[in-house]
Structures are given as structure tokens and as C-alpha cells.
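A closer look at the structure
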Amino acid sequence: MIELKGVTRRFGDAVAVDNIDLTIETGEVCVLVGSSGCGKSTTLRMINRLLPRTSGEILVDGEDINKADPEALRLNMGYAIQSTGLFPHWTVARNIGVVPDLLKWPTHKRDERVSELLTLLGLDPATDAIKYPHQLSGGQAQRVGVARALAGDPNILLMDEPFGALDAITRENLQQEMLRIQRQLSKTTVFVTHDIDEALKLATRIAVMDQGRIIQHDTPEAILRRPASAFVENLIGKGDRGLKLLALRTVGDVMERYPRPRQSDPLTEGLKETDSLRAALSVMVWQNSDQLPVLSEAGDAVGTVKREQLLQGGV
Amino acid sequence: MPVSTQPPNRVIPALALSALACVWLLDFGLVQPNRIVSGTGYGLYAATGWLGAVVVSSLLAVAVGLALRPTHKRFWVLALLLITALMALPLLLEMLAQRKLPEDSAYARIGIGAGFWCLAFFLALMLLETLGQLKASRRLQLSTVLLIVAGWWFCATREGLSSLSLIREYANRADQFTQALTTHLSLSLGAVAISAVLAFGLALAMVRRERLRRPLLGLVSFMQTIPSLALFGLLIAPLGALSAAYPFLQTLGIRGIGWAPAMLALIAYSLLPMVRNTYVALMEVPEPVVDAGRGMGMNERQIFFKLKLPLALPVIIEGVRITTIQAIGLTAVAALIGAGGFGTFIFQGLGQAAMDLVLLGALPTVFLALAADAILSALKFQGASR
Amino acid sequence: MRPWLAPVALIAVLCALAALLPAMAPLFSWVEPNTDSLIYTRDSFWFLLQSHIWLVLVSATIGTLVAVSAGIFVTRPAGRDFLPLVSQVASIGQTVPPVAVLALAVPAMGFGEKPTLLALVLYGLLPILRNTLAGLGGINPAVLESAKGMGMSSAQVLFKVELPLAGRVILAGIRTSVTINIATAAIGSTIGARTLGDPVIAGLVNGNTAYVVQGAILIGLLALATDSLFEAIERAWGRTFSI
């Protein structure tokens, strides 16, 4: 658990972070979202003491972080940033192994960890491990950056717009990976982004920041349904917030489940339980149908979903 | 509005304290019975009496105090203080002359001690730091330097400093000094001018023909690697043989030693920085700019003269700057093969163990190099801002 | 192994010439037909070569140590105040001609090896200092940020990240410094250092071109051999870190 109590940060006369209170529960993903210069990165960088705070308290599991040695503190917090910051003179494997090395893990344990992480992030331990950062694509480099952040098996993960510089498709992919990894590992994560869609997608709870203050701190659904101010309303976009709400829930939440899986007609297109309601609605509109079967991985129909059910799910 | 507090400056106190230590620990000046004997050294107090000692020490103390004060105006005050101090610095030597120079000896002279040099050096560093803190414009920097030079010039022409050994050496050979200056400048600037023309041609050839790039750059950087003394030496034999074989060359002054090998070597050295910078400058004109020019209907000639050349100019001038500084230094070495210039004084002085003669050659060489640097840097920035 | 071929060959030629020049007297009678003293004999070439290399080596070692530590100091939080001044001094200092530094060392320290060494150290550390600053300053800030964020201590950031990344630029500075110092050490003969400049100076003073040529050839070869050695080291460095 990370607790920020009355934390303020000034740069000269300017106030970057203004007396914020924020609690991040163990295992949740807290996304700090806001426009550039709102203090979200500053907040993140105060948690691992890359920046000292001007006043207030930051506690990790009840301990004031200023009591710990800063290096020891950071070794237990994975850190990934937008420009990756991969060490250009080291191979991918050595980059990922840097924190295990700093923690003085035995070599074989480190090597196992490195290849485990490469696999987890969808990289090839045989070929990609020996590459140098300049030989990687942007998406690959970012995967390595995330793997490096996870390498020391930290309790806390800090991510500063890690996918900000990637193209839309790669970003989408990495967000999916991120969700999958988070389901497996359940790290307490603080994630900074300026992209509200990314925030809605990844967050357990979102903290909307503006001018150094937290405007609203709540679940994605609550933020969409009850924006605290005009600023938040603007940020989430009035035009398609209904669709965004649909995107938060999956077909599995609203479908009618059959008692037993049935053989499905191979010609009709089906939905998956993990599809978002928004995607399901899109398929229905495209096929001009009122009802679609929900298919399991094996291709059997496990249930069905109607258009009205979808639409009610969003309300 | 809150008063913005400035952190105390740590650089100026460090420099001022070093200066204070040097001034009190080292000989400030010397009195020599004649030009060869090294003479007796005097510390700050002995040389300038309590007046000089108090003025110098309190100046440095005030600088420390000012640097630690948390206001912005302090740097303007410091700058004024330091400029005045540097301008008036030679007066301290005049005090030494008044106090310690024997009246009856026509050959006696005063020399500059390590303490004085250190004081001048640290004051200059403090001024540099102050101007940096003030973010002084180039014009302000240049006028500061001119002001200090003018102050020294004024001091040097005063009767009180006529016994300064450096000025004695100069007075003894004022004509030779002028001649050395002419030779030094014409050799180095001549070499720079010739190599500029050559280099421009070579760079253009390299731009046109990519194949030529590696061999040409290889050749010019090979020549740059050969130490000056070796290159001067290696040119003696072939040029000597040439002029022996064709006597008319001798009437032109082309011999194994003298200006001819010096000029050749200087040109050879000047080619690398000049060719490299010109080539890089011409190659690095952004492609979109050239495309835009072409798109607007410029022909290749117009593109070259209206776009490429003006954009490349600052980098080309940087090449000229490096080359000129280097040529001024190498011309001093060329005195060893009889080319003349300030190097003559240096090596004569070393031969006679007359340190003031060495200074008379070395200081103007340094001064020329610094002046060339200042002028060409100013030109470069003007070229870049246009 | 191919990059090491050129330096090894040049060093071999240099050593061979230093040892065998005295046996080549007939060759030099062609250059200087009117005298019997065709070979410089006051010191052996071998001795002069060693002494020349020794001067350059010592000055390069001291210069590197001083310049790199100074460069590191002014880029740490404790010394950052000094950075603007130090980098300005490093670039202004390089406009002073090396021969002037050499000449000015004599009034300060007298004649001999010591003033030469002082001048070589002082002048030689400037390019190294400048390149150290450029190398350390040229590192992508994101790399340093993430190194710190990973939990490296300042010393680990310096030795594992900053110095390896700046190493190539620093090495180039050392190369420049050594190239200049080989040339300056040769001129050091005029202030009493024993270097390969001795035969050249003696030849110029006595009008004996044979001496001049002997000294000049050895100095030139020494410079070329050193330069190609650095070339090879730089390549090896580049391969090790693949940058």
C-alpha cells in the first residue's frame, strides 16, 4: 500500500504538486491522468525519491520512504519510462538483469529470471536476449523496458507513460499484455498517462490531476458516470462516454449462459466472453443482428447475448 | 512577489582564496641586476609595501563577500571591481620599481614573479565566471577585454614601468618586433588563405564525387598526424635539393630553410580542419531546404549560392578559426627553420637563457591566437544569426 | 586481429629504424654529401625514442587522471557550480599554442625534462577534459534517470553507465592529446628535454640535413604508430560495447 499525505513539491516559486492525498491499495493499478505539466510525473518520481518532496508524507506499507535508503527503496520498485532508458552499451539480457545483479542474485537464478521475463513479454529468449537496444523496434524496446522493471520481482511498479511513444496498434497490444501480466502478478502499480482511454482500460482506480491537485480519484466507471467537474467531463469526452462505459464491461458480465455448451453453427460469427460490450455492439451493428452466440475457446456456444442486454449493461 | 533568493556562488570564493594563497606564498616580483642574472624575488608585502598588500588582500576579501551575498546585483558590482583591478594590475609592478629598483644601475630591471601571474590568472578566471553568471553578450565580453588591454597599454607607456624587463627587451628591438609581427601574420594568414582556396576546391570535389572522399580525407588527416617539427624537417631535404638544382628558385627565396618549407608545411596542416569543415558544412545542408528551393524553381547555381553556401558558412568559418589558431602556433615553431616571426624571439631567448626575450615572443603569440579566436568566433556567430 | 596489423607493423618499423639507422650512413651521404658526420651520435636513437615515449606516456597518464577526475567532479552535484567556468577554460586554453606553453614553462621551472613534462601535462589535459565533459554531457538523460530509478547508487551509475558510455569520446580526447604531445615533446628539445627532437634541432643548428632527416623520420613514424594504435583501440572499444 502506498499512501501520500499532504504531499507538496515546489520548483523555485512554482508549485508542481499541491498538497495531494492519495492512497493506492496493494495489488491495484492506480492511473494518474492529466494533461502535461499537471504534476503527475512529479508525483510518480517522488514515490521512488528521484525527486525529493517539499512537504508532506509518503508511506509505503506504513513506512515513511525517507527513512529507507533511496537505493534500497528503488530496488523494490520497478520503474519504466516513456523513452525506455535502456542502457545502450548492454545487451537486452544484461539490461533486464540489472536489478537482479544489483540485488546480487546468483547467476543462474538471474538468467532464469531473464528468460522467464522475455517469454512473459512475448520476446524470444534465444534471439532477442543477445541484441543491443539500438537493434530493437520501439515496441520491443518498450517490452524490454517493462521486463527490466519487473526483473527484481518488486512489490511496486512505477510506469511513466511507458507506451506514450508507440504507434496505436503496438500500444493496444502492449496494453493487452499489461492487463494479462497484471492478472498474473497483481503488482501494486502507479501508472502515469495523458491518454484517458489508456487510463480507463488499465486502471483499477483513476486519479485525475490538474494544476498539481487531484480533482477526482475513483473507479473508471464512477469517473465516467459521475465526473466531479467540468474539467473531468471534458477529459473523458462528452461525445462517446456512453461507448466508453460499454468498453469497461465484458460480454461475460451480461450474457445468458447455457446450462451446457452447445454445438454452434460454424457460419455465424460469435463473440468471446472477454470481448468488451463496445466491441460486441460493433459486431452486432455490422452484422445487423439482435442476438449473437458467445463462443468458448474451443468454438462451442456457451451462451448468447441480446442487443438489449448489451445496451442495459452500459446503463 | 517573493524576493528570489540566489544561492551563494562557491566558484568565486574558491578562486579568490587560491589567488590570496598564491599572492602571499609566491614571489610577486623580481629585481634583476641585468637581463641574464635571475635576480632576487620579493613577496607581495616586500614588493609593494603595506599599501599594495592591503589593497590586493582586501580586494580578494571583498570579492568573496560579494559572491556570498544573496542578491543579483552582486555580479555587476563584482564585474566592475574585477575589470578595474585587472586594468590597474601593472601599477603594482610600478610600485615594486619605485621601492626596490637601484637608482644607479642602468641595466637593473624588474621582472614579473609567479605571484603576479597567478593573481592575474585568477582575477581573469573570476571575471570569466562573473560574466558567465551575468550571461554577458559577446559585445560586452569583447568590450571588457578591450578595456583591460587599453588599461595595460596605458600602464606600459608610463615612465614608471620603463624598467620592466619585458618593456626593456621590447625597447631594445622595437624594429625587430614589428618585423616579427609582419612575418608572423603574413606567414600564418597567407597559409590560411591559400589553404582555404585549396580546401574549398577539394571539398567541392568530394561533394561531387563520393569516391574521392575517403582517399582525400585520409591524405589530409595523415598530414595532420605528422608532428610539426618532423614535417618542417622532412621538407628541408627536398626543397634544398630543388633549389640547388634550379638556382633561379634561390633568387625567389625558395630554399631548404626559410619561408618556403614553412609555408608548405603550414598549408599541409591547414588542409584537414578546413577540408573537413567545408565538406561537412556543405553536406549537412538539410535536404528539405534544398528540395524547397528546387520546388520554387531555383537552378542548381542559385541553390548553391543562395541556400547551401549561406547555411554552410558558420561551419566553414569554424574551420577557418581552428586553422588560423593552429597556424599562428605552428608559425612560432617554424622559426626553427628560419622562417622568422615571434618564434625567433622564443628560441633566441631559450638559447641565451634570457627569459624576458622568451616572454616577448611567447606572449604576443598567445595574444595573436586569442585575438584570432575572438574575431573569428564573432564572425561565426554573425554568420549564424543572419 | 586485422585492426592491430597496422600498429604492430608501424611499431616494428619504428623500432627497427631506431636500431638500424646508424648502419645506414651511406644512404645519408646522398642527403648531406659534404660531411663525414652522417649519423647523429650524441645519444642513441633508441635512447631518445624511449625518453620521448616516456615523456608522452607520463604526461598522458597524469593528464588523463587529472582531466577525467576534474570532468567527473564538475558533473556531480557537488561540483556542478564549477562546470561553466571549467568548460570555458578548457576551450579557451586550447587556443593557446602548445609551443607558447612550452616556452612559458621555462621561466616557471627552468630548463630540462620537468618544464617539458609540466607543459605536456597542462596542455594535454585540455582536450581530454573537453571530451570528458562532452562525453558525460552527451548521455541521454533518460538512461541516467532509469539507472537511478533501477536503484543504482551514484557510484554504480558512474562506473557502470556513465563512464562506459562516455569512454569512446574520452578515448578520442586522449588520442588528440597524445598526438599533440608527441609533437610538443619533440619541440621540448629546445628547452632541454631529451627527445627525438634532439637530432632535428642539432641538425638545424649545425646545418646538417642528415641529422634533421633522421630525427624527423623517427618522430613521424612514432606519431603514425601511436595514431594507428589508438585507431585499433577505438575499434576494439566499439566492438566491446557495440556502439
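Summarised in this report is the structure supplied together with it.

The rules we used
- Residues numbered from 1 in each chain as written.
- Chains lettered and ligands numbered in written order.
- Predicted model: local features only at pLDDT ≥ 70, side-chain atom pairs only at ≥ 80, totals over all residues.
- Heavy atoms only, no water.
- Pairing = 2+ DSSP bridges.
- Helix = DSSP H or I, 4+ residues; strand = E, 2+ residues; numbered from the N terminus.
- Contact = heavy atoms within 4.5 Å.
- Buried area = accessible area lost by both parts, 1.4 Å probe.
- Salt bridge = Lys/Arg side-chain N within 4 Å of Asp/Glu carboxyl O.
- Nonpolar A, V, L, I, M, F, W, Y, C, P; charged D, E, K, R; others polar.
- Disulfide = S-S within 2.5 Å.
- Buried < 20%, exposed > 50% of the residue type's maximum accessible area, 1.4 Å probe, protein only.
- Polar contact = N/O pair within 3.5 Å; in protein donor to acceptor, adjacent residues only side chain to side chain.
- Phe/Tyr/Trp six-rings, centres within 6.5 Å; stacked < 30°, edge-to-face > 60°.
- Lys NZ or Arg CZ within 6 Å of the ring centre and 35° of its normal.
- Core = buried A, V, L, I, M, F, W, Y, C linked by side-chain atoms within 4.5 Å.
- Domains from an automatic or database assignment.
- Expected span 1.5 Å × (residues − 1).
- Bend = angle between axes of the 7 residues up to and from the residue.

**Quick look at the sheet that holds strand S12 (residues 271-272) of chain A**
What links the strands of a sheet is backbone hydrogen bonding, and the strands pair in either a parallel or an antiparallel sense. Residues and elements named next belong to chain A. Read from one edge of the open sheet, 4 strands run S11-S14-S13-S12, paired in mixed fashion. One side of each edge strand has no neighbouring strand; the edge strands of this open sheet are strand S11 (256-262) and S12. In the sheet, strand S13 (residues 291-295) pairs with strand S14 (residues 301-306) via 5 bridges, with the strands oriented antiparallel. Of the residues in S14, the one forming a bridge with Leu-295 is Ala-301.

**Here's the deal with the interface of chain A and chain C**
On the side of chain C, 21 residues touch chain A, which itself brings 23 residues to the contact. Between chain A and chain C, a total of about 1900 Å² is buried, with carbon and sulfur atoms accounting for 65% of that surface. Per-residue buried area on chain A facing chain C is highest for Phe87(A), His89(A) and Leu102(A); these three make up 30% of the total on that side. Here chain A is connected to chain C by 1 salt bridge. Note that Glu145(C) and Arg45(A) form a salt bridge whose closest N and O atoms lie 2.3 Å from each other. Of all elements in the fold, only helix H2 (70-75), strand S6 (77-81) and helix H4 (98-102) of chain A reach the threshold of two or more residues within the side of chain A that touches chain C. For the side of chain A that touches chain C, the residue count by class is 13 nonpolar, 6 polar and 4 charged.

**As for the state of the cysteines**
Considering all chains together, one arrives at 0 disulfides over all chains under this definition. With no disulfide of its own, Cys22(B) lies 3.9 Å from the sulfur of Cys118(B), the closest cysteine sulfur.

**Notes on the pairing of strand S3 (residues 29-33) of chain A**
Residues and elements named next belong to chain A. With 5 of its 5 residues buried, S3 lies for the most part within the structure. Neither face of S3 is open: one carries Val-29, Val-31 and Val-33, the other Cys-30 and Leu-32, and all of them are buried. Alignment of S3 against strand S8 (residues 188-193), held across 5 bridges, turns out to be parallel. Bridge pairing in S8 links Val-33 to Thr-193. Summarising the sheet, S3 and strand S9 (residues 205-210) pair through 4 bridges and their orientation is parallel. Bridge pairing links Val-31 to Ile-206 in S9.

**Things to note about the interface of chain C and chain B**
Quoted interface sizes are often the accessible area lost when the parts come together. Between chain C and chain B, the residue contacts involve 40 residues of the former and 39 residues of the latter. Summed over both partners, the interface of chain C with chain B buries about 3200 Å², with 84% contributed by carbon and sulfur atoms. Looking at the side of chain C facing chain B, the largest losses of area belong to Leu85(C), Thr95(C) and Leu204(C), adding up to 17% of the total buried there. Counting across the interface, chain C meets chain B through 1 salt bridge. In this structure, Asp81(C) and Arg10(B) form a salt bridge, with 3.0 Å as the shortest nitrogen-oxygen distance. Between the two partners, chain C and chain B, sit 2 residue pairs in polar contact (both at pLDDT 80 or more). At the level of elements, helix H4 (83-93), helix H5 (98-109), helix H8 (154-187), helix H9 (197-206) and helix H10 (209-241) of chain C are the ones that each hand at least two residues to the side of chain C that touches chain B.

**Structural notes on the packing of aromatic side chains**
Across all of its chains, the model carries 13 aromatic pairs over all chains by this definition. Centroid distance Phe304(B) to Phe305(B): 5.2 Å. Interplanar angle 85°. Geometry classified as edge-to-face. Phe304(B) sits in the buried class, given a relative accessible area of 16%. What links up through ring pairs into an aromatic cluster is the set Tyr170(B), Phe177(B), Phe342(B) and Phe345(B). Between Arg148(A) and the ring centre of Phe87(A), over which it is positioned, the NZ or CZ distance is 4.8 Å.

**Some details on the nonpolar core**
Residues and elements named next belong to chain B. Counting residues in each nonpolar core, the largest one holds 180 residues, and the members touching the most others are Leu-60, Leu-89, Ile-110, Leu-119, Leu-123, Met-126 and Phe-347. A domain split of this core shows at least three residues from each of domain 1 (11-159) and domain 2 (174-385). Among all residues touching Leu-60, those that are not within four sequence positions of it are Ala-16, Ala-19, Leu-20, Leu-119, Leu-123 and Met-126.

**Concerning helix H2 (residues 44-68) of chain B**
Between the first and last C-alpha of H2(B) there are merely 26 Å, a value that for 25 residues lags more than 12% behind the 36 Å anticipated at 1.5 Å per step. Along its length, H2(B) shows its largest kink, about 100°, at Trp50(B).

**Description of the sheet that holds strand S5 (residues 63-64) of chain A**
All names here are of chain A. Pairing within the open sheet is antiparallel, and its 4 strands lie in the order S2-S1-S4-S5. Looking at strand neighbours, the two that pair on one side only are strand S2 (14-24) and S5, the edges of this open sheet. Pairing between strand S4 (residues 55-60) and S5: 2 bridges, direction antiparallel. For Val-60, the partnering residue across the bridge sits in S5 and is Glu-63.

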